[in-house]
Amino acid sequence: MERAVAGRPRLLLLDGHSMAYRAFYALPVENFTTTGGQPTNMIYGFGSMLANTLRDERPTHVAVTFDVSRQTFRTEQFPDYKAGRVRAPAEFKSQLKILDDLLAAMGLATVRVPGYEADDLIATLATSAESAGFEVLVSTGDRDVLQLVTPNVTVLYFIRGVSAATRFTPELLMEKYGLTARQYPDFAALRGDPSDNLPSIPGIGEKTAARWIREYGSLAALLDRAGDVPGKSGERLRAALAQVRLNRRLTELVRDVPLPVDLSDLRRRPYDLRAFAALLDDLEFRNPSLRERLFAADVGGGSAGRTAGGGRDGRAAAAATAVRVLRPGELPGWLADHTPRTAAPSTPPASSDLSATATALVASHAWARGTGRVEEVALATAGGAAAVVRAGELTESDGRAFAAWLADPGRPKVVHDAKATMRVFAEHGWRPVGVVCDVELAAYLLRPGLAAYGLDDLAAQYLGRRPVPGPTDSGDGDAAAALAARAGTVLDLVATFRPRLERAGAIPLLREVELPLSELLARTERVGVRVDRGLLVELERLFGARVDEAAAAAARVAGHPFNPGSTKQLQEVLFKELGLPTTKRIKSGYSTDVDALTWLAATTDSELPAILLRHRDQARLRMTVAGLIKEIGADGRIHTDFRQTVAATGRITSTEPNLQVIPVRTEDGRRIRRAFVPGDGFESLMTVDYNQLELRIMAHLSRDPTLTAAVLSGEDLHATLAAQVFGVAPGAVTADQRRQIKAMSYGLAYGLSAFGLARQLRIGMDEARRLRDAYFDRLGGVRDYLENVVEAARRTGYTETILGRRRYLPALTSDNRQRRETAERMALNAPIQGSAADIVKIGMLKVDAAVRAAGLGSRLLLQVHDELVLEVAPGERRQVEDVVRAELAAAYPLLVPLEVAVGAGRTWDEAAH
């Protein structure tokens, strides 16, 4: 990769509009939209291109140029200039302001001048910079800029999308066109440009145009001798002389635009890290590769401890530079000197003491599948002391002292990612007690739904601090300081979060629910769940065979083989060859997603849509089983990763592998669940969950007498409500009426609209509205509660669960109707789903504590879709069932009782209830 000559400035000029358009059309907008409805595909593509270019080219100066409007000096000369261009779609326009915000947060200059195009600004800046001794790079998708190429000006020309560019130098320009940069606008005038609505000469292509410029040397010379050009080509040229001359004036870029900036204004500035990190989160950019590349492009100072106004007045930086690497035998003395006990050994310190007394604990570790080992541990205190210990060098007395210190609740600890810390420490027999804050969980409670909660992300957003280098990012001599700097950053974040947590009333939720849960989840992850590998391998073969059968059946219907996984081939077969009704319009044609295929299967006589749905279903099952097999550890157990900070509602998420994708109610899903079995020394699995938890919470929150009475009756809840809504006797309720009321009841709890209800029940919008109105006529308390939830959230900006878990919804006051309505659905959904998550978490903690307190050998293994799975020791089934029933029923005092369902069996499927 070419690099700037040492000491020579390098200017990168980006054609903002050109690159933004390319990014917008390179990525499907339907795949890049926030939960609030804001399209982000252009920002994502532009950001990816920008990150790669900054990384590869390392410019010292940057300017991003933009058009102001279509009215320029060129339209004054030629009113039809660019007249054929389609107006930018609303999804593109809505991202332009966000792009400006991103560039500003990255410290990159943007330039706009009314009456001129972005290319003219680039030409002016490139000319000025070259004269000043700069090396210049121009990033664009517009070929007109090739006229700027010189030995000092290189054009990075993107042909399609924004992922790869051709590097135009004078040599490549000559090789490709046989022209110099000075000749290029002459050639462009002859060629014309459909994108700018500049007519070409009929019958004259690029090869002829380039040959004429090479032969005559310039357009002026060609036109002076136009009468000498023989044949039809000459006639066509002579007929178009006026248009060619106009084209030439319009294609020449202006190199002396009066600019509002000079070259010194274009020097790259450090990121505004708080604004930058917040913007990435608002855009919901979760891709770690993109985030890392964008963060890595920052030219800010390299000190990991730069506070930018946050934290402990820079003491993290001091700790990082003054870190002490403890030699064998020194750890007990260091702990005694720097971490005095702040409470009785059995009493955790109060939350108000966090910033003054806590010791931050950060470990570097190496993970294997299902296990991990600590390599180094950094300790940093609020007083500015910092130490690093190497696990492999701990003496026996060091180990005892460290284990005792970790287990002492009177010595408060703060961490980032408590669950991972506890899990990896457990491999050494260490159990951290007295963890009073996890900054990852704290940030999640303050702003659920962020794209990332990594330490670097939090340091950037809340402390305005550059990413803290990890031990592998620096040499051996700097590794200890880097790790200690991370521990110091944890302390600074605690100091920043504590008052915010107190104002939000979230400290009890953190200390009494999320932190204890992180320890419980760490234990369940380490234990894992036993699986029958042989059965999973058989299922992978079975689902694979079904995939092949469905593909063959699809080929028979179509009359030829095709790839059912290819959207393009599906569109060709469904809509062109078979002539089926077209579905929702998307960028590549017509939709072939599950909804579209389901609609086609229901409304046409063709059997192909149903075959394709079967193919997708079996392919998904095969992928699920293959993923499970890959994750089986050496102990024959799967160790899923339970995430507390993914779902904004508070629900726990299962990843690597995702056990939540295993179907619950299908026969194939049950086949997969039969592969989950008790491990050696255990006799069965037990499953337990709540009956109709969301509806019981709805009754509690709404105080609706009809719903409350239906729950308390103990009868079939949906049939009881259906009898009320339809005005019939309970025994006269039809299966369809019960199904409709069930869909309505659960749909309301999940923010379902009338449109969504119509789609789900496959009924018309008018019928869906009548059903909803009838429902609300009999359950007015539910209607009033739902209306009040949205209005209260609009006033405060957030919803709350029964435990005070907040979900912030700023889009409730948005001027954009789509974003506002999406936020309203979230406001309806969050209190009920979030309260259900709260109750399940409390229930998990109570069950675990009761089982352990009773001295039982049984243990909690999984939490999936609000269902708990336990591994039951021999002879303990009845006692465990009594415990889980009692503890879950008493998890939280609702106005209506919590009802628990329990099942047990030799497999996860047999344990269903």
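Scroll up for the structure.
As the structure is a prediction and not an experimental result, all values here were calculated from the model.

Criteria and cut-off values
Residues numbered from 1 in each chain as written. Predicted model: local features only at pLDDT ≥ 70, side-chain atom pairs only at ≥ 80, totals over all residues. Heavy atoms only, no water. Helix = DSSP H or I, 4+ residues; strand = E, 2+ residues; numbered from the N terminus. Rg over C-alpha atoms; globule rule 2.2 N^0.38 Å. Buried < 20%, exposed > 50% of the residue type's maximum accessible area, 1.4 Å probe, protein only. Areas by Shrake-Rupley, 256 points an atom, 1.4 Å probe, with all protein chains shown as cover. Lys, Arg positive; Asp, Glu negative; His and termini not counted. Charge placed at Lys NZ, Arg CZ, Asp CG, Glu CD. Pairing = 2+ DSSP bridges. Axes fitted to C-alpha atoms, helices over the stretch in contact; angles between N-to-C directions. Phe/Tyr/Trp six-rings, centres within 6.5 Å; stacked < 30°, edge-to-face > 60°. Lys NZ or Arg CZ within 6 Å of the ring centre and 35° of its normal. Salt bridge = Lys/Arg side-chain N within 4 Å of Asp/Glu carboxyl O. Parallel < 35°, antiparallel > 145°, perpendicular 65-115°, else oblique. Left-handed = near helix turned anticlockwise from the far one by under 90°. Contact = heavy atoms within 4.5 Å. Nonpolar A, V, L, I, M, F, W, Y, C, P; charged D, E, K, R; others polar. Polar contact = N/O pair within 3.5 Å; in protein donor to acceptor, adjacent residues only side chain to side chain.

**Student:** It is not clear to me how the overall build of the protein chain should be interpreted in this structure. Could you clarify?
**Tutor:** Regarding its fold elements, the protein chain presents 36 helices and 24 strands. Its C-alpha atoms give the protein chain a radius of gyration of 33 Å, within 12% of the compact-globule value 29 Å for 913 residues. Counting across all 913 residues of the protein chain, residues that qualify as buried make up 55%. Here the protein chain has roughly 38,200 Å² of accessible surface; of this, 50% comes from carbon and sulfur atoms. If you average the places of the 115 positive and of the 112 negative side-chain charges in the protein chain, the two averages end up 2 Å apart.

**Student:** How should I be thinking about the pairing of strand 1 (residues 10-15) in this particular structure?
**Tutor:** In terms of burial, strand 1 is a largely internal element, six of the six residues being buried. Where burial is concerned, the two faces of strand 1 agree: the one with Arg10, Leu12 and Leu14 and the one with Leu11, Leu13 and Asp15 are both buried. As judged from the five bridges shared by strand 1 and strand 4 (residues 135-140), these two strands associate in the parallel manner. The residue of strand 4 that forms the bridge with leucine 11 is valine 136. Where strand 1 meets strand 2 (residues 61-65), five bridges bridge the pair, whose relative direction is parallel. Within strand 2, the residue paired with leucine 14 across the bridge is valine 64.

**Student:** Explanation requested: the sheet that holds strand 23 (residues 867-872) in the structure shown.
**Tutor:** Sheets are built from strands paired through backbone hydrogen bonds, the pairs being either parallel or antiparallel. Taking strand neighbours across the sheet as the criterion, the four strands line up as 22-23-19-24 in an open arrangement whose pairing is antiparallel. Here the strands that pair on one side only, and so sit at the sheet edges, are strand 22 (859-864) and strand 24 (900-905). On average, adjacent strands in this sheet sit at an angle of 20 degrees to one another, irrespective of strand direction.

**Student:** Is there a simple way to explain the packing of aromatic side chains in this structure?
**Tutor:** How two aromatic rings sit relative to each other is given by the distance of their centres and the angle of their planes. Counted under the stated rule, the structure contains 22 aromatic pairs. On the basis of an interplanar angle of 90 degrees and a centroid distance of 4.9 Å, the ring pair of phenylalanine 24 and tyrosine 25 is categorised as edge-to-face. Judged by relative accessible area, phenylalanine 24 falls into the buried class, the value being 7%. A residue is classified by how much of its surface remains accessible, and tyrosine 25, at 42% relative accessible area, is partly exposed. Taken together, a centroid distance of 6.0 Å and an interplanar angle of 75 degrees make the contact between tyrosine 444 and tyrosine 453 edge-to-face. For the pair shown, tyrosine 444 and tyrosine 453 are each scored as buried. Put simply, the rings of Tyr21, Phe24, Tyr25 and Phe92 pair up and form one aromatic cluster. The ring centre of tyrosine 590 lies 4.8 Å from the NZ or CZ of arginine 585, which sits over that ring. Here the guanidinium or amino end of arginine 806 rests over the ring plane of tyrosine 798, the centre of that ring lying 4.0 Å away.

**Student:** What exactly am I supposed to notice about helix 20 (residues 455-463) here?
**Tutor:** Given 3.6 residues per helical turn, the α-helix brings residues three or four places apart onto the same face. A large share of helix 20 lies buried, amounting to eight of its nine residues. Looking only at helix 20, the buried set comprises Leu455, Asp457, Leu458, Ala459, Ala460, Gln461, Tyr462 and Leu463.

**Student:** Got a minute to help me understand the pattern of salt bridges in this structure?
**Tutor:** As a working rule, side chains carrying opposite charge can pair if their charged atoms are close by. Inspection of every chain in the model, using the stated rule, returns 53 salt bridges. For glutamate 396, the salt bridge is made with arginine 400, and the minimal N-O distance between the two is 3.1 Å. Note that glutamate 396 and arginine 400 are positioned in helix 17 (residues 396-407) at a spacing of four residues, about one turn of the helix. The exposed category is assigned to glutamate 396, whose relative accessible area is 64%. In this structure, arginine 805 engages aspartate 838 in a salt bridge whose closest nitrogen and oxygen atoms are separated by 2.9 Å. One end of the pair, arginine 805, is in the loop between strand 20 (798-800) and strand 21 (806-808); the other, aspartate 838, is in helix 35 (residues 817-853), and 33 residues separate them in sequence.

**Student:** Help me understand the packing of helix 19 (residues 439-446) against helix 22 (residues 507-527) in this model?
**Tutor:** Describing two packed helices takes the angle between their axes plus the distance from one axis to the other. Packing of helix 19 against helix 22 leaves a shortest axis separation of 11 Å and a crossing angle of 130 degrees. Classified by the angle their axes make, helix 19 and helix 22 are oblique. Between helix 19 and helix 22 lies a crossing of right-handed hand. In contact with Leu441, Ala442 and Leu445 of helix 19, helix 22 contributes Leu509, Leu510, Glu514, Leu515 and Ser518. In terms of residue class, the contact of helix 19 with helix 22 is made up of six nonpolar, one polar and one charged.

**Student:** What should I look at first to understand the environment of glutamate 130 in this one?
**Tutor:** Tracing the sequence through the fold places glutamate 130 in helix 5 (residues 118-131). Its relative accessible area of 26% is what places glutamate 130 among the partly exposed residues. Sequence separation of glutamate 130 and asparagine 152 is 22 residues, and the distance between their C-alpha atoms is 6.6 Å. In this view, glutamate 130 contacts Val136, Thr150, Asn152 and Val153; residues no more than four positions away in its chain are not counted.

**Student:** Explain the sheet that holds strand 3 (residues 109-111) here, please?
**Tutor:** Read from one edge of the open sheet, six strands run 3-2-1-4-5-6, paired in mixed fashion. Each end of this open sheet is capped by a strand with a single partner; those strands are strand 3 and strand 6 (165-168). Ignoring which end each strand starts from, the neighbouring axes of this sheet average 20 degrees apart. Summarising the sheet, strand 4 and strand 5 (residues 153-158) pair through five bridges and their orientation is parallel. Looking at the pairing, valine 136 lines up with valine 153 of strand 5. Its contacts with the sheet put helix 1 (residues 16-26) on strand 1, strand 2, strand 4 and strand 5, and the angle it makes with strand 1 is roughly 60 degrees.

**Student:** Explain the side chain of glutamine 571 to me, please; I cannot follow it from the model alone.
**Tutor:** Mapped onto the secondary structure, glutamine 571 falls in helix 24 (residues 567-577). Ignoring anything within four residues of it in the chain, the contact list for glutamine 571 reads Lys576, Ile586, Ser588, Gly589, Tyr590 and Thr592.

**Student:** How should the side chain of glutamate 135 be read in this particular structure?
**Tutor:** Inspection of the secondary structure assignment puts glutamate 135 in strand 4. A relative accessible area of 10% places glutamate 135 in the buried class. In this structure the side chain of glutamate 135 is engaged in a polar contact, spanning 2.8 Å, whose partner is the side chain of arginine 10.

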